[in-house]
Amino acid sequence: MSEQMTDETPKPDPATQPGEPSGPQDATAPAPRHDTTSEQVFRTALRSMLLLLGALTVVGVPVGYLVDGTEGVWGALIGIGLALVFSGTTVVAMLRTVRSTPQVMAAVVMGTWLAKVLVVIVVLAVIKDLDFYSKPVLAAVLLVGVLGSAYLDYRAVTRAHVPYVEPAAADPSDDRPGTL
C-alpha cells in the first residue's frame, strides 16, 4: 500500500482578492510596508552618513591622538558627535515624514534644523573656554564630517531615479476612452 502525501497548506479563497483581509484575524494586521523611492534615497543617505562617521571615528581618533594626545582624541569625538547631530537630524526628519503632507514635512524639517543649530551653538558655547579637547582637531573632524555628509546626501539624491509624478492605479470602473 502506498500512502499519498497530502498538502496541508490552506488554499486561497477565490472570493477574496489578493491584499484583502481573508478573515477577522487579518483585519487588525498592519498592511505590508513598501518603501517609496524617496524612502530609499533617505535610507541610502543615512546609511552612507553613518558609514562615513564610523570611518571618521576609526581614522580621526588615532590621528587626533597623534596630533594632540588625549586632547586630540576628545576633539575628534566631540567633532564626530556634532557632525552626527548636524547631519543626521535632517535625514532622520525627512525619513520620518516622507509619507506626510508637504506642510508637515516642512515644519518638521525646519523645527529639527532650528533644534540642531541651537544644540551645536550651545555645545560650542559651553566648551569654548575648556581645555580638555583640541580645537583644531574638533574643527577638522567636524568639517570633514559635515561636508562629507552633505556630499553623500547629494550623491544619494542625484543617483536616485525619482519620478516627477507617481502614476495612480487604474480604476476598473472608469469607462472613459483611453483608460485601462
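Our structure is the block above this text.
Residues numbered from 1 in each chain as written. Predicted model: local features only at pLDDT ≥ 70, side-chain atom pairs only at ≥ 80, totals over all residues. Heavy atoms only, no water.

Colleague: Even after reading the chapter, I still don't get the overall build of the chain, so can you show me in this structure?
Modeller: From N to C terminus, the chain includes 4 helices and 0 strands. Listed N to C, the secondary structure of the chain is α-α-α-α in terms of helices and strands. Of all 180 residues assigned to the chain, the portion counted as buried reaches 26%. For the chain, the share of sequence-separated contacts (at least 6 apart) that also reach a separation of at least 24 residues comes to 76%. Surface summary for the chain: the accessible area is close to 13,200 Å², and the carbon and sulfur share equals 66%. (Helix = DSSP H or I, 4+ residues; strand = E, 2+ residues; numbered from the N terminus. Buried < 20%, exposed > 50% of the residue type's maximum accessible area, 1.4 Å probe, protein only. Contact = heavy atoms within 4.5 Å. Areas by Shrake-Rupley, 256 points an atom, 1.4 Å probe, with all protein chains shown as cover.)

Colleague: Is there a simple way to explain helix α3 (residues 102-127) in this structure?
Modeller: Residue pairs spaced three or four apart in an α-helix point in one direction, given the helix's 3.6 residues per turn. When the terminal C-alpha atoms of α3 are compared, their 37 Å separation across 26 residues agrees well with the 38 Å that a helix rising 1.5 Å per residue should span. Where α3 is buried, its residues meet α2 (37-96) and α4 (135-159). (Expected span 1.5 Å × (residues − 1).)

Colleague: In this structure, what is going on with the packing of α2 against α3? I would like to understand it.
Modeller: Packed helix pairs are characterised by how far apart their axes lie and by the angle those axes make with each other. At a minimum axis separation of 8 Å, α2 and α3 run at an interaxial angle of 170°. Comparing the axis directions of α2 and α3 gives the class roughly antiparallel. On α3, the residues that touch I78, L82, V85, F86, T89, T90, A93 and M94 of α2 are M105, V108, V109, T112, K116, V117, V119, V120, V123, L124 and I127. Of the residues that constitute the contact of α2 with α3, the class distribution is 15 nonpolar, 3 polar and 1 charged. (Axes fitted to C-alpha atoms, helices over the stretch in contact; angles between N-to-C directions. Parallel < 35°, antiparallel > 145°, perpendicular 65-115°, else oblique. Nonpolar A, V, L, I, M, F, W, Y, C, P; charged D, E, K, R; others polar.)

Colleague: Explain the layout of surface pockets to me, please; I cannot follow it from the model alone.
Modeller: Regions of empty space are outlined by a rolling probe, equal in size to a water molecule, passed over the atoms. Its boundaries defined by the atoms lining it, the largest pocket holds a volume of some 170 Å³. As for the largest pocket, its lining consists of 14 residues, of which S87, T90, V91, S149 and D153 are closest to the centre. Sorting the residues of the lining of the largest pocket by element identifies α2 and α4 as the ones contributing at least two each. For the lining of the largest pocket, the per-class residue count stands at 9 nonpolar, 3 polar and 2 charged. (1 Å grid on protein atoms, 1.4 Å probe; cavity = no way out; pocket = protein on both sides within 12 Å on 5 of 7 lines; lining within 4 Å. Points joined across faces, edges and corners; volume = space filled by probe spheres on them.)

Colleague: Help me understand the packing of aromatic side chains, please; the structure alone is not making it clear to me.
Modeller: How two aromatic rings sit relative to each other is given by the distance of their centres and the angle of their planes. Throughout the structure, instances matching the rule amount to 2 aromatic pairs. For the pair W74 and F132, a centre-to-centre distance of 5.9 Å together with 75° between the ring planes defines the contact as edge-to-face. Remark: F132 occurs in the loop between α3 and α4 and W74 occurs in helix α2; sequence separation between them is 58 residues. By relative accessible area, W74 is classed as partly exposed at 42%. In this structure F132 comes out as partly exposed when scored by relative accessible area, which is 34%. A network of ring pairs unites the aromatic residues W74, F132 and Y133 as a single cluster. Note that K116 overlies the ring of F86, its terminal NZ or CZ placed 4.7 Å from the centroid. (Phe/Tyr/Trp six-rings, centres within 6.5 Å; stacked < 30°, edge-to-face > 60°. Lys NZ or Arg CZ within 6 Å of the ring centre and 35° of its normal.)

Colleague: Where do I start with the side chain of K116 in this structure?
Modeller: By secondary structure assignment, the location of K116 is in helix α3. This buried residue, K116, is left without a salt bridge; D153 holds the nearest opposite charge, at 7.9 Å. Within the structure, K116 has its side chain in polar contact with the backbone oxygen of F86 (distance 2.9 Å). Reaching out from K116, the side chain makes a polar contact with the side chain of T90 at a distance of 2.5 Å. Ignoring anything within four residues of it in the chain, the contact list for K116 reads V85, F86, T89 and T90. (Lys, Arg positive; Asp, Glu negative; His and termini not counted. Salt bridge = Lys/Arg side-chain N within 4 Å of Asp/Glu carboxyl O. Polar contact = N/O pair within 3.5 Å; in protein donor to acceptor, adjacent residues only side chain to side chain.)

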